[in-house]
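What follows is the residue order along each chain.
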Protein chains: 2
Amino acid sequence: MNIKKQRLLTAGPTPLYPKALQAMMGADLHHRTQDFREIVLSCIAGLKSALGTTSDALILTASGTGAMEASVTNCFSPGDRVIVCSAGKFGERWLEMTKAYGLDVVALTAPYGSHVAVEELEKALAANPGVRGVFVQASESSTGAAHDVKAMGLAIKATNPDALFVIDAITGIGTMPLDIDAWGLDLVVGGSQKAFMIPPGLAFLFVSPKAWARMETAKLPRYYFDLRREQKNAVKGESSWTPATSLILGLAEVLKYIETFGPGKQGMDKLVENAQHLAAATRLAATTLGLELFAPSLPSAAVTAILAPKGMSSGVIVKEYRQKFGSIINDGQGEMKGKIFRVAHLGYFDVVDLFGIIAQLELILDANGFPVKLGTGVAAVQKYYAEKVVGSKQTVTA
Amino acid sequence: MNIKKQRLLTAGPTPLYPKALQAMMGADLHHRTQDFREIVLSCIAGLKSALGTTSDALILTASGTGAMEASVTNCFSPGDRVIVCSAGKFGERWLEMTKAYGLDVVALTAPYGSHVAVEELEKALAANPGVRGVFVQASESSTGAAHDVKAMGLAIKATNPDALFVIDAITGIGTMPLDIDAWGLDLVVGGSQKAFMIPPGLAFLFVSPKAWARMETAKLPRYYFDLRREQKNAVKGESSWTPATSLILGLAEVLKYIETFGPGKQGMDKLVENAQHLAAATRLAATTLGLELFAPSLPSAAVTAILAPKGMSSGVIVKEYRQKFGSIINDGQGEMKGKIFRVAHLGYFDVVDLFGIIAQLELILDANGFPVKLGTGVAAVQKYYAEKVVGSKQTVTA
């Protein structure tokens, strides 16, 4: 056994869809041509269709953080009071960013591994009736916890319909239902290197009519991320600045691939179901092996965070995945480094990937003083597969 | 003759270096790994070496316009008086952007095809002694004109050493000498899809110690493009946000390729010489054919802008390049659309490309009522090549 394949198994960048990677090789083209405009228009239509929304979809040449920033700078004014829900490293990014732009921030924080409860948000909305926006992560991938975006959206609609609801859905898209229109999700941020299965470099932003209206009066300065200018161009398949053409070619292929699961939003639902099945099976395998889940109360299907056994650093687990098998998985981030490891499910992952991930884990745990009856974790995944996937066509909603 | 190859012959995106494109296929990797950090560090070292500068080099996930914006938001405060030199569409971008961020802008404009003279800048510096910065395009690719960045830099140093000199060198890098340290170029912006021969999606920024010092007090808000945060990460091969990994893999290959022309800055000098030779030969071919150059007084070697013959739209020329031969060349932009067409030289272009470009042009002109003795333009390029390139090893400085 001398070959050790490198396998990218992280929550972003995620494994690449091969046809998209091949399409990227076609980047020897110019973006100000009708051929390319048609590709851009097909991507915009594909994004809207996949999310099943009437919001406008924009494609920005930036990391996802760039689209987060665009939400802030285009829709808010200095001193605007906003509520930021933070339960991890990406929640802290919202906090940092809104403060950097001079917003008056009401911080609702929950411990790592937990989530901000809807009731907390409702209290904060009641205590701050003039609030101009609410920021949250749909999936906090640093901890593997989700937020109940639906209940939060409906709570905002009910109490302060003028507030904009801004969702970092970078790892939420493709891992949970997101009904942008019905739940009042005004600005929804996505990124190319997540469930969209292509390399990093593109950010997506879904913009509601309410958010467009707000831009008329929002006073923060902006230029590169000027969304109104971008939208004027986007309707023609154009972009304000030179776009990342290679990645857009890849995106067009991925959106076609998602459509093969079913037309329109149905394809995205199937992708979400895929991640949810893998997440549920991973949780089952982990607990079968006697491991503890880090975010059991509202787990994200983007990534499952598992606590390293007592006395073992998660850094050792991550390192051995790499050194013994060539597999790249995520350690914890920030204060969770060394404490949790994270198994990703979003995008181009299948059940065979998971068999391999769990089999590697069993060997690594066993070699590091956490005895494992080899095969029991894999068997848990196999049984889940046989019962829930083969045996039924129901969507797993856990 | 039924095959018609598509050829990308524009000033950006420019033709792709094949090995770089192949390297991009390796994007199935994670950016928070030592392997990738070493690639990033090699790119940063390669950029500094190619430009022969002690300034720090940063790689941003954005179009070049993003790095232009980073220069503004990191180094200036609302109300700062600055001088913007504008002689085309990209100069107008500096004007728009500095105004969008509330700077107090002194606009020095020159007509399209011309450039802002050093004397004009000297007068403006004298009239505005407290000016905080000067903005210019090294090469204004919308018109094919250059600016005398060296003389401008020395003028600023002599009269107002506190002012930052900010250069959009997006099509300047690789087409003209740029001695960042000696000429006092404080912020120098580059882009991946230009002389760097890879697809769009990365911006480069060279930052001088003087620019870093200014950031201590500059007050404009920033987050995604926070350069100090980026630099803290860059020294470790890291980035603040997820970087465009695929493009960075391509960049590493291109920087190696440029090194093959000669070690360090010598390689870049040879790339500059290549563009300058192609530009000089193109000008010769155009005038030999009886065409008029649009920016004769200080032509850029990035792109040669040629006026369409009287009574002929440049749009017809551009369209026939595409329809008859599959070649994509640039029409004029903005108010110059239909009046000029532009032949690019920056990056991965060689003399055989130019033979083909001129041969196509001769046929197109002749077919549209501008009589051409076929082969005379090509012969001008051939003679230039025989005399100046084969016959001599001197750098063409025109």
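Residues numbered from 1 in each chain as written. Chains lettered and ligands numbered in written order. Predicted model: local features only at pLDDT ≥ 70, side-chain atom pairs only at ≥ 80, totals over all residues.

Considering the environment of Leu249(B)
All names here are of chain B. Along the chain, Leu 249 turns up in helix α10 (residues 245-260). With 82 residues separating them in the primary sequence, Leu 249 and Asp 331 have C-alpha atoms 31 Å apart. Once residues within four sequence positions are removed from consideration, Leu 249 is found in contact with Ala 23, Met 24, Gly 26, Ala 27 and Ile 39. (Helix = DSSP H or I, 4+ residues; strand = E, 2+ residues; numbered from the N terminus. Contact = placed C-beta atoms within 7 Å.)

Focus on the relation of the copies chain B and chain A
The two copies are related by a screw motion: chain B maps onto chain A through a turn of 180° and a shift of 0.0 Å along the axis, at an RMSD of 0.0 Å. The transformation relating the two chain copies, once decomposed into turn and shift, fits a two-fold axis. Relative to the rotation axis, the closest C-alpha in chain B is found at Ala62(B), a distance of 2.5 Å. When the interface residues of chain B are mapped onto chain A, 100% of them again fall at the interface, so both copies present the same face. (Least-squares fit on C-alpha atoms with pLDDT ≥ 70 in both.)

Quick look at helix α14 (residues 376-390) of chain B
Residues and elements named next belong to chain B. Here α14 spans 20 Å end to end across 15 residues, near enough to the 21 Å set by a 1.5 Å rise per residue. Within the sequence span of α14, burial applies to Gly 377, Val 378, Ala 380, Val 381 and Tyr 384. In the core, the buried residues of α14 are packed alongside α11 (265-288) and α13 (351-367). (Expected span 1.5 Å × (residues − 1). Buried ≥ 20, exposed ≤ 12 C-beta atoms within 10 Å, placed from the backbone.)

Looking at the sheet that holds strand β15 (residues 340-344) of chain B
All names here are of chain B. Read from one edge to the other, the open sheet built from 4 strands follows the order β11-β12-β15-β14, with strand pairing classed as antiparallel. Since the sheet does not close on itself, it has two edges, and those belong to β11 (292-293) and β14 (330-331), each with one partner. Across 5 bridges, the pairing between strand β12 (residues 303-307) and β15 is antiparallel. When the sheet's bridge partners are listed, Val 303 is paired in β15 with Ala 344. (Pairing = 2+ DSSP bridges.)

With respect to the environment of Phe76(A)
The residue Phe76(A) is located in the loop between α3 (64-75) and β3 (81-86) in this model. Remark: the alpha-carbon pair of Phe76(A) and Gly172(A), spanning 96 residues in sequence, is separated by 23 Å.

Some words on the domain arrangement of chain A
All names here are of chain A. Domain boundaries in chain A define domain 1 (18-260) and domain 2 (264-390). The partner domain 2 presents 27 residues to the 30 residues of domain 1 that form the contact. Secondary structure elements with two or more residues in the side of domain 1 that touches domain 2: α2 (34-51), β6 (139-140), β7 (145-146) and α10 (245-260). Looking at the side of domain 1 that touches domain 2 residue by residue, the classes come out as 11 nonpolar, 14 polar and 5 charged. (Domains from an automatic or database assignment. Nonpolar A, V, L, I, M, F, W, Y, C, P; charged D, E, K, R; others polar.)

Quick notes on the sheet that holds strand β11 (residues 292-293) of chain A
Residues and elements named next belong to chain A. Read across the open sheet, the 4 strands follow the order β11-β12-β15-β14; overall the sheet is antiparallel. In this open sheet, the two strands that pair with only one neighbour each are β11 and β14 (330-331). Its contacts with the sheet place helix α11 (residues 265-288) against β11, β12 (303-307) and β15 (340-344), and it is angled at close to 10° to β12. (Axes fitted to C-alpha atoms, helices over the stretch in contact; angles between N-to-C directions.)

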